[in-house]
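# Summary of structural features
So the chains spell out like this:
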Amino acid sequence: IAKAAAQLVNSGESIIIDAGSTTTFLARALVARRELTDLVVFTNSTSVAHELEPAIPRFSVVLSGGTLRPLQHSLVDPMGGRIIEAIHADIAFLSCSGIHPDTGVTNINIPEAEMKARMLRAAGRHILLADPTKFGRTDLTPVCALSEIDLLITTGPDTPLLTQLRNSGLQIELAD
């Protein structure tokens, strides 16, 4: 998933990467792309920032600030969204804990869901990275409707639930 997502990024772009295990692997895949330069990355994840550090100065890495949430190594409110609210990035790469045809994209943690919603407002293109364990789940708090996601990158066989998500208008890429 992360490698497929990294291929969508071009030199000179600005991107947002939120906190999560798949997004941390995305950071690693971006660093591995040695031809990628002049990338500006905004993140609320200390893990993502740590993975991106070897690419400095090819990449500029900007942490959102905020209060540290230890479980995900994420920065959230208070003060978590001010930088995100002041930018417009090309792409936001998000993770989630649930994706369902009826309830959309959800997350188990309210402060993280609020950061994800801010990130969506701050970017022109919205790409969701989610493994099949997230499908069919509705967790505690909404992040966004499926119509707000431009692309879902996932793995696994093409299941009836993926067909249902496609029928909801969601574009899906199955990573190798």
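Residues numbered from 1 in each chain as written. Predicted model: local features only at pLDDT ≥ 70, side-chain atom pairs only at ≥ 80, totals over all residues. Heavy atoms only, no water.

## Observations concerning the pattern of salt bridges
Here is the rule we go by: The working definition used for a salt bridge is a side-chain nitrogen of Lys or Arg within 4 Å of a carboxyl oxygen of Asp or Glu. For every residue, the accessible area obtained with a 1.4 Å probe (protein chains only) is divided by the maximum for its type, and the residue is called buried under 20%, exposed over 50%, and partly exposed between those limits.
Tallied over the entire structure, the rule returns nine salt bridges. The closest approach of N and O atoms between Asp-158 and Arg-166, which form a salt bridge, is 2.9 Å. Classification of Asp-158 by relative accessible area gives partly exposed; the value is 46%. Via salt bridges that share partners, Asp-77, Glu-85 and Arg-118 belong to a single interconnected network.

## Digging into the sheet that holds strand E7 (residues 98-100)
This is how it is decided: In this scheme, strands are said to pair when DSSP sees at least two bridges between them. The helix count covers DSSP runs of H or I at least four residues long, the strand count covers runs of E at least two residues long, and both are numbered beginning at the N terminus. Each axis is a line fitted through C-alpha atoms, taken for helices only over the stretch in contact, and angles between the N-to-C directions span 0 to 180 degrees. In what follows, residue pairs with any heavy atoms lying within 4.5 Å of each other are defined as contacts.
With antiparallel pairing, three strands are arranged side by side in an open sheet as E7-E8-E10. The strands lining the two open edges of the sheet, one partner per strand, are E7 and strand E10 (141-144). Across this sheet, the average inter-strand angle for adjacent strands is 35 degrees, counted without regard to direction. Pairing of strand E8 (residues 104-107) with E10 involves three bridges; the strand directions are antiparallel. Across the sheet, the residue bridging to Val-105 is Cys-144, located in E10. Docked against the sheet, helix H5 (residues 110-121) engages E8 and E10, running at close to 15 degrees with respect to E10.

## Notes on the environment of Leu-30
Mapped onto the elements of the fold, Leu-30 is located in helix H2 (residues 21-32). For Leu-30, a relative accessible area of 0% gives the class buried. Residue contacts for Leu-30: discarding those within four places in its chain leaves Ala-6, Val-9, Ile-15, Ile-17, Leu-36, Leu-39 and Phe-59.

All we've got here are geometric facts, nothing functional implied.
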